Every structure is written in structure tokens, then in C-alpha cells.
Amino acid sequence: TKKHKKILFKNSPCVVTLKDWDSLENDSLSQKGLSVIKNCDVLINDGIISDIGEDLLNKSDNLGEIEVVDSSKYVIIPGLIDCHSHPIFAGSRANETVLKSQGMTYEEISAKGGGIVATMKATRKVTTQELSELYKLNAIDSLARGIVILEAKTGYGLNPVQERKMLEALYEAHSGKDANELPLLCPTYLGPHAASPEYRGLDNYIQALVEDLPNIAALGEEAVKKGISFPLAADIFLERNYFTKEQSERWLGAALQHGLDVHIHSDEFSRSGGAELAAELARRLEQTASKRRQRGRVLTVDHCQYSTESDLGRLALLGVGAVALPTTSFFSKIPYVDAKRFRASGIKVAIGSDFNPGSSPMNNIWFSSYLALSQCGFSLAEVIAGVTINAAFALGLERIYGSLEIGKKAALVAFDGNCVEDFYSSLLGDHVRHVVI
Ligand code: NIG
Ligand code: FE
């Protein structure tokens, strides 16, 4: 809502601030680090959280014109952040959902011309404007379920021109008249998502993408200047039958040089080397930090089924995060990550939807959160942190978003409930009543 300058969420039985997230306890019964405050108000002033505490109306004089939301039946948490999503595409791959249910694997389907290439064909057929409209439908859905920041990857264009079209479609959606109906945009350029039909060999495609990087980085900067987007990041699918570690190093190294932050899809079907590469890149950046003006960071390794505890431990020490994507395991029938491994390594783990038309055809972070709890062994506290403050960390935004703290941006969700466990009173997010950005 942008109508009122001041909003007071009054008398919530349970406000989850996540203020002390660094001391988050991993035991499912403990709420330490979640910082749960009972019978509490949250005051928003001009887009910023200006106070959190009991009975703020009576305590502060002179609040002036203010919208008061009776929150006595709502739990209030920081706005949800979907830090890994592919919400912009055309066409349908529902046939693959059926095939996978009948026992075919994601990799077999891709080898037969399905998978990413099938969505590429459909996405290339539509105009920028049409693509933008399709994306908006998905983004509106995300917002309705409490997503305040949506990471959106390109990756279905698969040549420089078509990839740029995807990025332009995202920017078009967020600069148009409906921009206020959408979550905030965190765009990621995933040109190297799969082989390009126009280029013989993956090396040649990487070369073409690297050559186009200055244009892409400039588009990203322009969108930030216009205030319609967070900075553009870069990503790659490092996996057997997709891009190699060497190709990934080339691409991500170039992206970092252009000041882009980077993510890596990796270790999903095999220990493909993404965690190792992320550590190498992050270490290199650390060593040259003082000499560089522009600053791209290695933000996350995503998927991580086959990352070892020591891979993850090394990343943790370098300040790189991990992203778990349990919905992909559910739909693609591949192993779930094990929360114990992340916990032992000390890495900050976010939980994303990985929403895409193929491997994870469900745009619902609540369901992803439920799978994280029930199938991966994350605690309730870890799950809530995973879709708020750790997801902000995964996008490099944790200093301004992700927790309810005085001075931070006012991005929050109020859902039906009395206690923190009511997070799970709906597994689909239809208990969300208010979303503030
Ligand atoms: O994250 N792993 C690579 N990319 C997507 C799949 C995209 C697709 O199948 O369209 C993922 O699962
Ligand atoms: Fe993905």
C-alpha cells in the first residue's frame, strides 16, 4: 500500500522480528533468533519501520493522520523474499509433469527435446510486451502470497538478443502502470542456462554472452537509476550436460568484472563443482578487494544436493550463502537437501521456490517452506529465516530488508494466526491478509 504515510499494525499476538538472526537456534522448539514479541504494534512511517512495541498509539503523541490495522488476529513477519525463481516464460510443460510422474527423469526429458529448450521455443515466439504480461500474472500471484521481493531469472532466450528481450520484458513490467501491484524486482541474467541453437558448442555461446555483457550491465544500471529494480546479477547452470566449471568461471569472472553479483545453479544432479568455484571466485575477490572500484560479489550457490559439508563450510567462511529448493526435489523426484549438512557447515541457507515451467511448476513459497520443514529437516526458525532474512542475504539486501527492525524498510506480511507455528496454518499462503511494501 502506498496510500498512507503512516500505518499502525495494532496489537498483534505475535510479531516475528528476526532482529537477532545471527543467533538463530537450530532447535525446532526454540524461538531464539526469531525474536518473537507478543501483543505488539508495528508502526510504519514513510516506508520505514519507525517503532515496534506495546500500545504505540498511547505512547507516542502526535501521530497525526494514520491508518490503523487491527492485528489482534494476525501474526506479523518480515515480508517474504523469493530469492530463486524463473517467473518469466511463455508456454506450458505440463506434459513433463505427467511424464515425470510416470517415471521419466528431468534429464531424460531434456535429452528428448523437452526441458529448458521447450520453454525457449515458446518464449522466443512471443513479443516483449506479451512476455511482460505473462510475467506480471506470476508476479501478482507472488505478491498476493506475501512475496515482497521477487528474484526473476532470464534464461529462456538462449541467445544475446532473446535474453535481452527477457530482461527488457521484466523492466517493462516494473516501469508500467501496474508496477505497484508487483513485488520489488531483483533481476538475474541467466543467459548460460542451456546450449544455444545458434552457437556451435557451449564455449562459443559463452563467448557471445561475455561480449554482450557491457550492454546487459548497462541495461541493469539504467533500471536501477530509474528506481524500478535492484541491481542486476548473473547466474549459470553448472551441471553435467550443461555448463562446465571452466565455462562457468569464464562467465562469472566476466560478470564480476562488470560489477554484477553472481549466483550459481550447481550440485543438483552431481557434485558438479559450483561450490568449489564459488569459493575460488570469492577468495579471489577478497584478495583483490582493496584494488577494485566496482564491486560484484559471489552471493549464493543454489540447489546444493551434492555439495559436501566442507564445500559449504568454506563458502560460509567467505560470506557466500546457499539456497535450498525443495519444490524442485518434489516435482522432479530428485533427492532433497539435508538440513543437517547446512547446519554443521554454518552457512546461511535461504529457501527459494525455483518456480519454473518444468522442474518446479509451482509458484508458492509456502509449499516450498513446508517441504523444507517436513522433507529436509529444517526447523521452523530456520525455515522462516530462510524465506526472509537469509533470502535477503542471498540477494545482498540483508541490511535494508528481511527483518523487522527500526530503521529498516517496511516490508511485512500479516497472516491469520496467534503464534509462530501458525505460519503453517495454510501450506499455500492463502492465510495472508496484508502485504506491505
Ligand atoms: O533451477 N536447474 C536449472 N534451471 C531450472 C530448471 C528450469 C527448467 O526446467 O525450465 C531449475 O530447476
Ligand atoms: Fe533454478
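Remember, predicted model here, so these are calculated numbers, not experimental data. (Residues numbered from 1 in each chain as written. Chains lettered and ligands numbered in written order. Predicted model: local features only at pLDDT ≥ 70, side-chain atom pairs only at ≥ 80, totals over all residues.)

With that out of the way, let us pick up the site of ligand 1. As a structural note, the neighbourhood of ligand 1 is formed by 14 residues, with Ile-116, Phe-237, Asn-356, Gly-358 and Ser-359 the closest of them. Looking at the shell around ligand 1 residue by residue, the classes come out as 3 nonpolar, 9 polar and 2 charged. (Near = placed C-beta within 6 Å. Nonpolar A, V, L, I, M, F, W, Y, C, P; charged D, E, K, R; others polar.)

Even without glycine at this site, Asn-11 takes up a positive phi of about 60 degrees. Judged by the 19 C-beta atoms lying within 10 Å of it, Asn-11 falls in the partly exposed class. Residue Asp-354 is not a glycine yet carries a positive backbone phi of 50 degrees. Along the chain, Asp-354 falls in the loop between strand S16 (349-351) and helix H13 (365-374). On the neighbour-count criterion, Asp-354 (29 C-beta atoms within 10 Å) is buried. (Buried ≥ 20, exposed ≤ 12 C-beta atoms within 10 Å, placed from the backbone. Helix = DSSP H or I, 4+ residues; strand = E, 2+ residues; numbered from the N terminus.)

This brings us to the sheet that holds strand S7 (residues 74-78). Taken in spatial order, the 5 strands of this open sheet run S3-S2-S7-S17-S18, and their pairing is mixed. A single partner strand is all that each edge strand has here, and the edge strands are strand S3 (36-37) and strand S18 (432-436). As defined by bridge partners, strand S2 (residues 14-16) adjoins S3 across 2 bridges and the pair is classed as antiparallel. Following the sheet pairing, Val-15 is matched in S3 by Ile-37. (Pairing = 2+ DSSP bridges.)

Attention now moves to the domain arrangement of the protein chain. Split by domain assignment, the protein chain resolves into domain 1 (6-78 + 405-436) and domain 2 (80-394). Averaged C-alpha coordinates put domain 1 and domain 2 at centres separated by 29 Å. Listed per partner, the contact involves 26 residues of domain 1 and 18 residues of domain 2. Contributing elements (two or more residues each) for the side of domain 1 that touches domain 2: S7 and S18. Within the side of domain 1 that touches domain 2, the residues separate by chemical class into 16 nonpolar, 7 polar and 3 charged. (Domains from an automatic or database assignment. Contact = placed C-beta atoms within 7 Å.)

Here we come to the environment of Glu-108. For Glu-108, the location among the structural elements is in helix H3 (residues 106-111). Residue classification places Glu-108 among the partly exposed positions, given that 13 C-beta atoms sit within 10 Å. Remark: the alpha-carbon pair of Glu-108 and Glu-382, spanning 274 residues in sequence, is separated by 34 Å.

Chain-level statistics for the protein chain give a pLDDT mean of 94 and a share of 97% at 70 or above. Reported confidence for the predicted complex is 0.94 by ipTM and 0.97 by pTM. (pLDDT = per-residue confidence, 0-100.)

Turning our attention to the sheet that holds strand S1 (residues 6-12). Two pairing modes exist for strands in a sheet, parallel and antiparallel, and in both the strands are linked by backbone hydrogen bonds. With mixed pairing, the 4 strands of this open sheet are ordered in space as S5-S4-S1-S6. The sheet is open, and its two edges are formed by strand S5 (48-53) and strand S6 (67-70), each paired on a single side. When strand polarity is set aside, the average angle formed by the axes of neighbouring strands in this sheet is 15 degrees. Sheet analysis places S1 next to S6, joined by 4 bridges and oriented parallel. Considered in S6, the bridge of Ile-7 is made with Glu-67. (Axes fitted to C-alpha atoms, helices over the stretch in contact; angles between N-to-C directions.)

The subject of this paragraph is the pairing of S7. When a strand is regular, its side chains alternate between the sheet's two faces. The buried fraction of S7 amounts to 5 of the 5 residues, a majority that puts the element mostly inside the structure. Relative to S7, S2 runs parallel, the two being bridged by 2 bridges. Within S7, the residue paired with Val-15 across the bridge is Ile-76. In this structure, S7 lies alongside strand S17 (residues 412-416), joined through 5 bridges in antiparallel fashion. Note that in S17 the partner of Tyr-74 across the bridge is Asp-416.

Relative to the helices and strands, Ser-270 is located in the loop between strand S13 (261-266) and helix H9 (274-288). Spatially, the C-alpha atom of Ser-270 lies 8.6 Å from that of Ser-307, the residues being 37 residues apart in sequence. Once residues within four sequence positions are removed from consideration, Ser-270 is found in contact with Glu-239, Arg-240 and Tyr-306.

All buried positions along helix H10 (residues 309-317) are accounted for by Asp-311, Leu-312, Arg-314 and Leu-315. Buried residues of H10 fall within an arc of 160 degrees about the axis and therefore sit on the same side. Residues of H10 that are buried sit in contact with H9, strand S14 (298-303), strand S15 (321-324) and helix H12 (339-345). Gly-319, located one to two residues past H10, shows a positive phi value of around 80 degrees. (Arc of directions from axis to C-beta.)

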